[in-house]
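So the chains spell out like this:
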Amino acid sequence: MLNLKNEALSKWIEEVAALTCPDKIVLIDGSEEQVEALRAEACSTGELEKLDQDKLPGCYLHRTAVNDVARVEHRTFICTPTKEEAGPINNWMEPSEAYKMLNGLFAGSMKGRTMYVIPYSMSVVGSPFAKIGIELTDSIYVVLNMHIMTRVGQKVLDVLGESADFIKGLHARKDIDEENRYIMHFPQDNTIMSVNSGYGGNVLLGKKCFALRIASYLGRNEGWMAEHMLILGIENPEGEVKYIAAAFPSACGKTNLAMLIPPEIYRNKGYKVWCVGDDIAWIRIRDGKLWAVNPENGFFGVAPGTNAKSNPNALAATMKNTIFTNVVKTEDNTVWWEGLGPAPETGIDWKGNPWNKDMGIKGAHPNSRFTAPAENCPCISKEFNNPDGVPLSAIVFGGRRAKTAPLVYEAFDWQHGVFVGSAMASETTAAASGAVGVVRRDPMAMLPFCGYNMANYFQHWLDIGKKLENPPKIFNVNWFRTDKDGHFAWPGFGDNMRVLMWILDRAEGKADAVESAIGYLPKAEDINLDGLDMTVEDVKNLLDVDNALWAEDAASLEEFYAKFEGKIPAELTEELENLKKRIS
Ligand code: GTP
Ligand code: SPV
Ligand code: MN
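Residues numbered from 1 in each chain as written. Chains lettered and ligands numbered in written order. Predicted model: local features only at pLDDT ≥ 70, side-chain atom pairs only at ≥ 80, totals over all residues. Heavy atoms only, no water.

## Quick notes on the packing of helix α12 (residues 414-422) against helix α13 (residues 454-466)
- It is at 9 Å that the axes of α12 and α13 come closest, and there the two elements cross at 155°. One finds that α12 runs roughly antiparallel with respect to α13. Handedness of the crossing formed by α12 with α13: right-handed. Mapping the contact onto sequence places W414, Q415, V418 and S422 in α12 and F458, W461, L462, I464 and G465 in α13.
- Of the residues in the contact of α12 with α13, the class split is six nonpolar, three polar and no charged. (Axes fitted to C-alpha atoms, helices over the stretch in contact; angles between N-to-C directions. Helix = DSSP H or I, 4+ residues; strand = E, 2+ residues; numbered from the N terminus. Parallel < 35°, antiparallel > 145°, perpendicular 65-115°, else oblique. Left-handed = near helix turned anticlockwise from the far one by under 90°. Contact = heavy atoms within 4.5 Å. Nonpolar A, V, L, I, M, F, W, Y, C, P; charged D, E, K, R; others polar.)

## A short note on the site of ligand 1
- Around ligand 1 sit 22 residues, and of these A251, K254, T255, N256 and R369 come closest.
- T255 places a polar main-chain atom, nitrogen or oxygen, 2.8 Å from an oxygen atom of ligand 1.
- Within the side chain of N496, an N or O atom sits 3.0 Å from an oxygen atom of ligand 1.
- A total of 660 Å² of accessible area belongs to ligand 1 in isolation, and the protein chains cover 91% of it.
- Judged by its atoms lying within 2 Å of the grid points, ligand 1 is housed in the largest pocket.
- Elements with a minimum of two residues in the shell around ligand 1: α9 (254-258) and β18 (298-302).
- Considering every element that reaches the shell around ligand 1, the biggest residue donor is α9, with three residues.
- Of the residues in the shell around ligand 1, the class split is 10 nonpolar, eight polar and four charged.
- When residues of the shell around ligand 1 are assigned to domains, at least three fall in each of domain 2 (227-294 + 384-583) and domain 3 (298-376). (Near = heavy atom within 4 Å. Polar contact = N/O pair within 3.5 Å; in protein donor to acceptor, adjacent residues only side chain to side chain. Areas by Shrake-Rupley, 256 points an atom, 1.4 Å probe, with all protein chains shown as cover. 1 Å grid on protein atoms, 1.4 Å probe; cavity = no way out; pocket = protein on both sides within 12 Å on 5 of 7 lines; lining within 4 Å. Sits in = over half its atoms within 2 Å of the grid points. Domains from an automatic or database assignment.)

## Comments concerning the layout of surface pockets
- In this structure, the largest pocket spans a volume of roughly 960 Å³.
- Residue lining of the largest pocket: 50 residues in total, with A251, C252, G253, V302 and R400 positioned closest to the centre.
- Looking at the lining of the largest pocket, the elements with two or more residues in it are α8 (206-222), α9, β18 and β24 (369-373).
- A breakdown of the residues in the lining of the largest pocket according to their chemical character gives 20 nonpolar, 19 polar and 11 charged. (Points joined across faces, edges and corners; volume = space filled by probe spheres on them.)

## Considerations on the site of ligand 2
- Taken together, R71, Y199, G201, K207, K208, H228, S250, D279, F300, R369, A431 and F449 make up all the residues around ligand 2.
- For ligand 2, an oxygen atom lies 2.5 Å from a polar atom in the side chain of K208.
- Take H228: an N or O atom from its side chain is 3.3 Å from an oxygen atom of ligand 2.
- Relative to its unbound accessible area of 290 Å², ligand 2 is 98% covered by the protein chains.
- If you map ligand 2 onto the pockets, it falls in the largest pocket.
- The class makeup of the residues in the shell around ligand 2 is four nonpolar, three polar and five charged.
- Summarising the domain contributions, the shell around ligand 2 has at least three residues from each of domain 1 (7-30 + 73-222) and domain 2 (227-294 + 384-583).

## Digging into the coordination of the manganese ion (ligand 3)
- Surrounding the manganese ion (ligand 3) are the protein donor atoms K208 (NZ), H228 (NE2) and D279 (OD), which sit 2.1 to 2.5 Å from the metal.
- Considering all six donor atoms around the manganese ion (ligand 3), angles at the metal cover 64 to 171° and the coordination shape is irregular.
- Mapped onto the sequence, the donors of the manganese ion (ligand 3) take the spacing K-x19-H-x50-D. Of this pair, K208 sits in helix α8 while H228 is found in the loop between β12 (225-227) and β13 (229-235), placing the two residues 20 residues apart along the sequence. (Donors = N, O, S within 2.8 Å, 3.2 Å for Na, K, Ca; no water. Tetrahedral: all angles 85-135°; square planar, octahedral: opposite > 155°, others 65-115°.)

## Concerning the sheet that holds β24
- Pairing is mixed in the open sheet, where five strands are placed in the order β2-β3-β19-β24-β18. In this open sheet, the two edge strands, each paired with only one partner strand, are β2 (49-50) and β18.
- Here β18 runs beside β24; their pairing, made up of five bridges, is antiparallel. Within the sheet, the bridge partner assigned to V302 lies in β24 and is R369. (Pairing = 2+ DSSP bridges.)

## Points about helix α4 (residues 95-106)
- Between its first and last C-alpha atoms α4 spans 16 Å; for 12 residues at 1.5 Å apiece the expected length is 16 Å, and the two agree.
- P95, A98, L102, L105 and F106 are the residues of α4 that are buried. One side of α4 holds all its buried residues, which, seen down the axis, span an arc of 90°. Along α4, the residues that are exposed and aim more than 90 degrees away from the buried face are K100 and G104.
- Considering only its buried residues, α4 is in contact with α1 (7-20), β9 (167-172), β10 (182-186) and β11 (191-195). (Expected span 1.5 Å × (residues − 1). Buried < 20%, exposed > 50% of the residue type's maximum accessible area, 1.4 Å probe, protein only. Arc of directions from axis to C-beta.)

## Some words on the environment of G206
- Counting through the fold element by element, G206 comes out in helix α8.
- Taking relative accessible area as the criterion, G206 reaches 0% and is therefore assigned buried.
- C-alpha separation for the pair G206 and N268, spaced 62 residues apart in sequence, amounts to 40 Å.
- Ignoring anything within four residues of it in the chain, the contact list for G206 reads Y120, M122, E135, M146 and A211.

## Re the pairing of strand β17 (residues 289-293)
- Here β17 lies mainly inside the structure; four of its five residues are buried.
- Pairing of strand β16 (residues 281-286) with β17 involves five bridges; the strand directions are antiparallel. Note on β17: the bridge partner recorded for W282 is V293.
- Taken together, β16 and the strand that follows it, β17, pair antiparallel across an intervening segment of two residues, in which D287 is found at a positive phi of about 50°.
- Bridge count between β17 and strand β25 (residues 390-398): two bridges; the pairing is antiparallel.

## Observations concerning the packing of aromatic side chains
- By the definition in use, this model includes 21 aromatic pairs.
- Aromatic side chains F412 and Y520 sit 5.1 Å apart centroid to centroid with 85° between the ring planes, which places their arrangement in the edge-to-face category. Here the residue F412 occupies a position in the loop between β26 (408-410) and α12, and Y520 occupies one in strand β31 (residues 520-521), the gap between them amounting to 108 residues.
- Note on F412: relative accessible area 22%, which makes it partly exposed.
- Classification of Y520 as partly exposed rests on a relative accessible area of 22%.
- For the pair F560 and F564, a centre-to-centre distance of 5.5 Å together with 70° between the ring planes defines the contact as edge-to-face. The same class applies to F560 and to F564, which are both buried.
- Chaining the aromatic ring pairs together yields one cluster made of Y452, Y457, F458, F560 and F564.
- Residue placement shows K382 over the ring face of W274; its charged tip is 4.6 Å from the ring centre. (Phe/Tyr/Trp six-rings, centres within 6.5 Å; stacked < 30°, edge-to-face > 60°. Lys NZ or Arg CZ within 6 Å of the ring centre and 35° of its normal.)

Below, the structure is given as structure tokens:
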């Protein structure tokens, strides 16, 4: 047994050990020696492969099981005493039934294995925003990823002291059996249990499970917010930095926007973009304003599509001390994925099979990922480790919509902005198992991540707004609108800065807008096109609001709201009625 001073922690570890029967229990202290020994052990068993250490120092490759490549939303549950607390969107299981089932699955699951105890802090250790988690896992891959993604080790136990205020996370790989894969959350017990998976979002329990599902529940009770948002800062030539938080669904462009390189016209004037976070924001009210931190310490980013042009900062971040998952391993022992650059002639694909570029199959999985330390990112913000966070000037929602949503629009006010967030919809991606490209409603990009009844979550957003003297303006963007040939009509990536500049100008009352049925639209000529092969007419098309499509969307939203059986806040149903009137 470990000799830990914290009684609640010792007791829980003993209970779990009695259930799972590991051969050994190892405390992760955060030291480089220990982590290095674990890397070596993982390489000796084939769990990791060491990449070329001259070209990619400190970098490793991992392949998950073929049946285990994405989050499994249909096997993710919120276990609250009543179904009503979890709401109509979450899968629900009654806690005692869930524990009974899980105890059966975890029993003896670590026989012959080592159980690692990972003390970790979400956000800067000991800071006002920080929350502590302990993950027990039998996977070295999880330990090494958590070591990159969070702040790990003895320093966390020092801050925890004798307190029982920590989130318990238990993970066992077991048989990677899809039929018995469960990602279970017990918000009232500060507990997460995950079994039969080894894929990121299912097993790095500090990320979606804690920092969104459990934290959203805590945030509602404690008066703050946990959101699926990137945070970026835009520095103007005078050196002032304004911060924006943006919520897009999984694989819809958060990492790319968070690290964007401004187009030349802005670079030449002295504008800079700084990344504070690329996936999760914890937001608190202070002095009547919203302040945000990124609770993570690394990036678990989508590999495909990342290249020197689309996201040079992300690519640079992966050049050392990074774990690649489910990408191609090349003959020269480096990595490749679709969209990185010219394909290598041959390699080993994400399944571990010999692969060549003419086979007509993808070498990397569409949801292959890199786990890179935030400090590697060339544009990481100076405020990244600021325990107080950064003040938000604007909140942006967005999704993948081939049609309907214009390039950008602004909500009339906070209440309407909450409505706009609640009305988000997006085409599904490879980040979760299931069909890809199907439009589904995904309020605030939190559909798979809200740890309680989403109707109450909407109310929480409305309540937060009432506490703000001068709430940030709320916007909606869509980088993914297509033209008549089905091509993206907006260049996206770095050029999204052109839209962010309009957003900041609006936030500061410097730009004009046109009132439309859905909100304030830019004047097409106010989107800066210098250096782009686009006309004002093209922008007009991107900003076009088609009332017939919006009527369909309003009907789909009405159906979505109806699932909540009258619990949607009256303010939002009123906003929906007003929208219907305006577009009819
Ligand atoms: P998660 O990590 O799953 O939460 O994803 P994310 O929201 O961080 O998405 P990410 O930035 O990794 O982008 C996902 C995919 O969308 C990648 O293949 C990108 O190349 C693509 N993408 C990102 N931004 C844009 C854009 O502005 N335009 C277009 N057309 N594609 C984009
Ligand atoms: C997402 O799916 O939104 C991700 C990756 O950021 S995961 O950690 O798998 O959730
Ligand atoms: Mn995400």
